[in-house]
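# Architecture and fold: a report
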Amino acid sequence: MILFTGYTIPRHETDNMTMKETQHKHLWWQEGIIYQIYPRSFQDSDNDGIGDLPGIIQRLDYLQSLGITAIWLSPIFPSPMADFGYDISDYCGIHPLFGSMEDFDELLREVHERGMKLILDLVPNHTSSEHPWFLESKSSRTSPKRDWYIWKDAQPDGSAPNNWLAMFGGSAWEWDEETQQYYYHAFLKEQPDLNWRNPEVQEAMLNVMRFWLDKGVDGFRVDVMWHMIKDSQFRDNPVNPNYREHQATYERLIPAYSTDQPEVHDIVRSMRQVLDAYDERMMIGEIYLPIDKLMTYYGTDSKEAHLPFNFLLLSIDWDAGKLASEINQYEGALPAGGWPNWVLGNHDQPRITSRVGQSQARVAAMLLLTLRGTPTIYYGDEIGMRDVPIPPDEVQDPQGLNMPGLNLSRDPQRTPMQWNAGENAGFSTERPWLRLPDFYKRQNVEAQQEDEFGMLTLYSKLIRLRQQEPALHVGEYKPVVTKSPLLGYLRVSGDTRFLVLLNLSHKPCYFTPDHFTFEGTIALNTIPEREGTSVKDQVYLSGDEGMVIRLKNS
Ligand code: NOJ
Ligand code: MG
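Residues numbered from 1 in each chain as written. Chains lettered and ligands numbered in written order. Predicted model: local features only at pLDDT ≥ 70, side-chain atom pairs only at ≥ 80, totals over all residues. Heavy atoms only, no water.

## Things to note about the sheet that holds strand 17 (residues 534-536)
Our working definition: Pairing between strands is defined by DSSP: at least two bridges between the two strands are required. The helix count covers DSSP runs of H or I at least four residues long, the strand count covers runs of E at least two residues long, and both are numbered beginning at the N terminus. Only the stretch in contact is used when fitting a helix axis, every axis being a line fitted to C-alpha atoms; angles between N-to-C directions are given from 0 to 180 degrees. Contacts are residue-level and defined by heavy atoms, with any inter-residue pair within 4.5 Å sufficient.
Spatially, six strands are ordered 12-13-14-19-16-17 in an open sheet, and the strand pairing comes out antiparallel. Looking at the sheet topology across the chains shown, the edges are occupied by strand 12 (476-480) and strand 17. Shown here is a sheet whose adjacent strand axes are inclined to one another by a mean of 30°, direction ignored. The sheet contact formed by strand 16 (residues 519-525) and strand 17 spans three bridges and is antiparallel. Bridged to G520 within strand 17 is V535. Each of strand 12 and strand 13 (486-493) touches helix 11 (residues 320-333); the most contacted strand, strand 13, lies at about 30° to it. With respect to the sheet, helix 13 (residues 358-370) is in contact with strand 13, strand 14 (496-503), strand 16 and strand 19 (546-551), its orientation differing from that of strand 14 by roughly 150°.

Shown next as structure tokens:
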């Protein structure tokens, strides 16, 4: 018998509603597990040291057997690669480095044949400065595409139109000598921002979506969704009083007028309408905003993004109290009908293993795969890949190169997948575009497939249990009051209940609830030897131990 007192989440639903919710049909992107592939680094098939689409096809069986149900590919389109594909020069093509359109069609077919889904990256905020649209726009002030980008006169003293800063350093305005105006770029000067207030731009990008949807693509991850519309008056951004010297220069200002403008929601809505004209297609929004703002991207009546990416776990201090309060806050803030999601890592952030260490990364995996909501796994995290130190003369990421000394390069988290102990970790026969860590011979997929105590086995078991149990993939989430360093919660569907207990420290601790009793069996544990053990009323956890307990029905 388990009784609850204390904290309950501030949601309007009752247990009855939850029952209904869990019985109601869930869609693939709610029940499933998304896996992010950084295509340059997954598998090289033509031995140029860079991953490609045929390489991904070779590894689909691996992903399928791991239990992945959807794959998100970072950009694979023609691009001068100033920002490694986030600077696109043709939205409806494939970069020859990655293969051909035939390769893409085959990849899509192979993914679908395995019952999986394919999500593409859509980068609508900016193009490459080599995109024909920009070349045309830049050609003269009277070009029919002049207004497709954001052009402004200099101030009387010749300076930039306002104080806005680029994410990758310096002013966000670039002077064009030819036409004597500035253009706006939120990222590199090679990535001019499109003018989303122009209906022709809107239509062109919605047509890009239709192009891929017609091919059968299942959804999009939309790059920097909150950047798409800027203040119509281009007011100066306010100074950030909390700026510290070790931060990127972009942090000097609060991007109050350059991002998250109310009109962005009309754009997201129109994208959603395009998707809704097809069956069961979905859209993830890349949005780095506080929870209350993030929630607005679900849209009123849930008619905007299906999954505004929840990046809470990427930056939070690894502390049980903070995690509990943020998770509960996120759960409580979700709008009616808004489906949660969780992310532990991506190509822009240090890897989880490097943030919390190898042992806690196992606990983090259990957290990711037992919380309520769609998890996204970053390639390589399932084998505990770490950020790889890249010597200064090998740094390639523009964020690292433009702001040296701030440790902002994203290369360390983008290194080749470690498949086996062979040459170049089985990634390529040639020298990979980014170096491998010295220890790849010990830490790789093949080695871990044999290791019942390895990270891969833990991921595999977690995925399997999650996918088998409605309580875990669609069930309700209920917080359990615990003392730090323990984090606890229940996942419930009908009569099935799992109690998840995670020790976020290296020291042992007890779970001895004051207000309720419980009895069950450990279904999964970061220490596999404890699986199958019965527990009753109190549990002792070792440092770095996490467990999923299947509770006995009273
Ligand atoms: C967000 C992407 O995730 C990041 O990798 C990229 O540099 C910027 N958007 C600019 O497109
Ligand atoms: Mg290649």
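## Some thoughts on the nonpolar core
Note the following rule: Among buried residues, those of type Ala, Val, Leu, Ile, Met, Phe, Trp, Tyr and Cys that are joined through side-chain atoms within 4.5 Å constitute a nonpolar core. Relative accessibility under 20% of the residue-type maximum defines a buried residue, over 50% an exposed one, and the middle range a partly exposed one, all with a 1.4 Å probe and only protein chains included. Domain start and stop positions are those given by an automatic or database domain assignment.
One finds Y35, I71, L73, F104, W212, L367 and M417 to be the most contacted residues of the largest nonpolar core, which totals 153 residues. Looking at which domains feed residues into this core, each of domain 1 (33-127 + 199-463) and domain 2 (132-184) gives three or more. L486, C509, I522 and V539 belong to the second-largest nonpolar core, a separate cluster that totals 17 residues.

## Topic: the site of ligand 1
Filter applied, for reference: Throughout, the term near means that a residue has one or more heavy atoms lying within 4 Å of the molecule or strand in question. Two N or O atoms count as a polar contact when they lie within 3.5 Å, although within protein this holds only if one can serve as hydrogen donor and the other as acceptor, and sequence-adjacent residues are included solely when both atoms are side-chain atoms. Surface exposure here means Shrake-Rupley accessible area, sampled with a 1.4 Å probe, where a residue is shielded only by the protein chains that are shown.
Around ligand 1 there are 14 residues in total, and D83, H126, D223, H347 and D348 lie nearest to it. At 3.0 Å, a side-chain N or O of R410 approaches an oxygen atom of ligand 1. A total of 290 Å² of accessible area belongs to ligand 1 in isolation, and the protein chains cover 97% of it.

## Considering the packing of helix 7 (residues 199-215) against helix 8 (residues 264-276)
Worth spelling out the cut-off: Note that the term roughly parallel is reserved for angles under 35 degrees, roughly antiparallel for angles over 145, roughly perpendicular for angles of 65 to 115, and oblique for everything else. Here a crossing is taken to be left-handed if its near helix is turned anticlockwise relative to the far helix by less than a right angle, and right-handed if that turn runs clockwise.
Between helix 7 and helix 8, the shortest axis-to-axis distance is 10 Å and the interhelical angle comes to 30°. One finds that helix 7 runs roughly parallel with respect to helix 8. Viewed along their axes, helix 7 and helix 8 form a crossing whose handedness is right-handed. Where helix 7 abuts helix 8, its residues Q202, L206, M209, R210 and L213 lie against I267, S270, M271, V274 and L275.

## What about the packing of aromatic side chains?
What counts here: Each Phe, Tyr or Trp ring (for Trp, its six-membered ring) is paired with any other whose centre lies within 6.5 Å, and the angle between the two planes then decides the class: stacked below 30 degrees, edge-to-face above 60, tilted in between. Note on criteria: charge over ring means Lys NZ or Arg CZ within 6 Å of the ring centre, with the direction from the centre no more than 35 degrees off the ring normal.
Tallied over the full model, the rule gives 33 aromatic pairs. Judged by centre distance (6.2 Å) and plane angle (55°), the rings of F511 and F516 are tilted. Given the relative accessible area of 10%, F516 is considered buried. Relative to F518, the ring of F511 has its centre 5.6 Å away and its plane inclined at 40°; by these criteria the two rings are tilted. Considered together, F511 and F518 belong to a single accessibility category, that of buried residues. Looking at R146, its charged tip hangs above the ring of W151, at a distance of 3.6 Å from the centre. Just above the ring of Y379 sits the side chain of R351; from NZ or CZ to the centre is 4.8 Å.

## Digging into the coordination of the magnesium ion (ligand 2)
Ideal donor angles around a metal are set by the shape: a four-donor tetrahedron calls for 109.5 degrees, a six-donor octahedron for 90 or 180 degrees. Counted only if it meets this: Sites may look incomplete because water is not among the atoms; the donors themselves are N, O and S atoms within 2.8 Å of the metal, or within 3.2 Å for Na, K and Ca.
Each protein donor to the magnesium ion (ligand 2) is listed here as D44 (OD), D46 (OD), D48 (OD), I50 (O) and D52 (OD); together their distances run 2.1 to 2.3 Å. Of note, the donors binding the magnesium ion (ligand 2) are all from one chain and are spaced D-x1-D-x1-D-x1-I-x1-D.

## Considerations on the pattern of salt bridges
Cut-off, in case you're wondering: Note on definitions: salt bridges are taken to be side-chain nitrogens of Lys or Arg within 4 Å of carboxyl oxygens of Asp or Glu.
The tally for this structure, following the rule as stated, stands at 32 salt bridges. One salt bridge in this structure joins D223 and R221, with 2.9 Å as the shortest N-O distance. Like D223, the residue R221 is buried in the burial classification. Put simply, R235 and D231 hold a salt bridge, and the shortest N to O gap is 3.0 Å.

## Quick look at the sheet that holds strand 10 (residues 341-343)
Taken in spatial order, the eight strands of this open sheet run 9-8-7-3-2-1-11-10, and their pairing is parallel. Single-partner strands in this sheet number two, and they are strand 9 (307-308) and strand 10. Sheet topology places strand 2 (residues 70-73) next to strand 3 (residues 117-122); four bridges connect them, and they run parallel. The residue of strand 3 that forms the bridge with W72 is I119. Where helix 7 meets the sheet, its contacts fall on strand 3 and strand 7 (219-222), and the angle it forms with strand 3 comes to roughly 160°. Lying on the sheet, helix 13 is in contact with strand 10 and strand 11 (374-378); it crosses strand 11 at an angle near 145°.

## Some remarks on the domain arrangement of the protein chain
For clarity, the cut-off: Defined in terms of a 1.4 Å probe, buried area is the accessible area two parts forfeit on being brought together, summed over both. Classification convention: Asp, Glu, Lys, Arg as charged; Ala, Val, Leu, Ile, Met, Phe, Trp, Tyr, Cys, Pro as nonpolar; all other residues, Gly among them, as polar.
Split into domains, the protein chain comes out as domain 1 (33-127 + 199-463) and domain 2 (132-184). Centre-to-centre, using C-alpha coordinates, domain 1 lies 29 Å away from domain 2. Taken together, the contact pairs 25 residues of domain 1 with 19 residues of domain 2. A per-residue breakdown of the area domain 1 buries against domain 2 is headed by T127, F234 and Y250, which together make up 29% of the total. The tally of links between domain 1 and domain 2 comes to zero salt bridges. Across the domain 1-domain 2 interface, the total number found is seven residue pairs in polar contact (both at pLDDT 80 or more). Elements supplying a minimum of two residues to the side of domain 1 that touches domain 2: helix 7 and helix 14 (398-402). For the side of domain 1 that touches domain 2, the element with the most residues is helix 7, which contributes four residues. Taken together, the residues that form the side of domain 1 that touches domain 2 break down as nine nonpolar, eight polar and eight charged.

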